Amino acid sequence: MGVLVRCEERPEGGYLAHLTIDNAGKLNSLNRTLMTEIVETVGGLAGDPRLRLAVVSGAGERAFVGGADIAEIAALDHAGARSFITLVHQCCNALRRLPVPVVAQIDGYALGAGLELACACDLRVASERSIFGMPEVKIGIPSVVEEAHAWGLVDVVVAVGGLQGAVERLVRPILAAGPQAIRLQKSLLLGWEELPTAAAIERGIDCFVSAFDTDEPARMAGAMLAELRSRRSARRP
C-alpha cells in the first residue's frame, strides 16, 4: 500500500510524473496513512521546476479510488472525524494547487473521497466502465461514466484499452507549450476562482508581465514566427 511514483522524461523537456494510488485490495480506498503519503508525495513534486505535468491513477483494474476506508470511518469519534475529513481536504488541495496541470486517469470506481480527488485534478480521462458517485451521502446510485461525461465531469471517455493512449493525446499539446506559461496559467486560474473582478484583472496583468522574466516568450514566439515565414516562402511561386 502506498503511492507509487514513476517519472517519465519527455522529449519536450522536463518530466511527467505518474502517481499510482496503490491499495488495490480495498479498491484503493483512502486511509490516514495513504492520505498522508499522498500529501507528502505531491508536496515533494511541487517544488521541482522540471515537473511538467502529473497523471494520477489507481492500482489494478477495479477502481481509481473507491472512497474513504470504511473501517477507519466506522471507528471515528467526534474529534477524529474532523482530523480525518481535514486530511481528505489536504489531499485534494495538494493536487489542486500543484503548479502544473494534473490529469486523473480513471478506470473503475471513483466514489466519495475518490470522486472528490478526481474533481481536484484539472482534467479527467475515464474508461467507459468507470462508475462515479457519492454513496456516503445517500443521494443516489453511482452513475455510469457516459452520464458523467454529459454532465461535464469527465473530459474524455474511451474504451478500457484506450485509456493510456487518450491520456497521452490529451497531455501532448500541454507539454508542447511553454513550461513557464503553463505554470503561470494554472496559478492564474486558481487566483481567478478566489478574487473579485478588479483584482483578477490585475492578477492577469501581473502574470502576463511575469512571463517575460524568462526568455520563453521571445524564444517560442520567435520560433513560431520563423515557421510562419518558412511556410509563406514555400507557397511563393
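Each value, and the rule that gives it
Residues numbered from 1 in each chain as written. Predicted model: local features only at pLDDT ≥ 70, side-chain atom pairs only at ≥ 80, totals over all residues. Heavy atoms only, no water. pLDDT = per-residue confidence, 0-100. Contact = heavy atoms within 4.5 Å. 1 Å grid on protein atoms, 1.4 Å probe; cavity = no way out; pocket = protein on both sides within 12 Å on 5 of 7 lines; lining within 4 Å. Points joined across faces, edges and corners; volume = space filled by probe spheres on them. Helix = DSSP H or I, 4+ residues; strand = E, 2+ residues; numbered from the N terminus. Nonpolar A, V, L, I, M, F, W, Y, C, P; charged D, E, K, R; others polar. Buried < 20%, exposed > 50% of the residue type's maximum accessible area, 1.4 Å probe, protein only. Pairing = 2+ DSSP bridges. Axes fitted to C-alpha atoms, helices over the stretch in contact; angles between N-to-C directions.

Chemist: Would you explain the confidence of the model for the chain in this entry?
Modeler: The predicted coordinates should not be examined in detail at positions where pLDDT is low. Residues of the chain with pLDDT of at least 70 account for 93%, and the chain-wide mean is 88. Scored below 50 in pLDDT, residues 138-145 makes 17 contacts in the model with residues more than four places away or belonging to other chains.

Chemist: Mind showing me how you'd approach the layout of surface pockets here?
Modeler: Over the atoms rolls a probe the size of a water molecule, and its path tells where empty space is left. Approximately 440 Å³ is the volume attributed to the largest pocket. His 18, Ser 57, Gln 105, Leu 163 and Gln 164 are, among the 25 residues lining the largest pocket, the residues nearest its centre. The set of elements that each furnish at least two residues to the lining of the largest pocket consists of β1 (2-9), β2 (15-22), β3 (51-58), β4 (63-65), β5 (102-106) and α6 (163-176). A class-by-class count of the residues in the lining of the largest pocket yields 12 nonpolar, seven polar and six charged.

Chemist: Just to check I follow, could you spell out unusual backbone geometry for this structure?
Modeler: Most peptide bonds take the trans configuration, and most residues that are not glycine carry a negative phi. For Leu 27, which is not glycine, the phi dihedral falls at a positive 55 degrees. The topology assignment puts Leu 27 in the loop between β2 and α1 (32-46). Take Leu 27: its relative accessible area is 23%, and that puts it in the partly exposed class.

Chemist: Help me understand the sheet that holds β1, please; the structure alone is not making it clear to me.
Modeler: Within a beta sheet, neighbouring strands are joined by backbone hydrogen bonds and run either parallel or antiparallel to one another. With mixed pairing, the six strands of this open sheet are ordered in space as β1-β2-β3-β5-β7-β10. Strands at the two margins of the open sheet, each flanked by one partner only, are β1 and β10 (156-158). Taking the axes of each pair of neighbouring strands and ignoring which way they run, one obtains an average angle of 20 degrees across the sheet. In this sheet, β5 lies alongside β3 in parallel orientation, the contact comprising four bridges. From the neighbouring strand, Ala 54 faces β5, where its bridge partner is Val 102.

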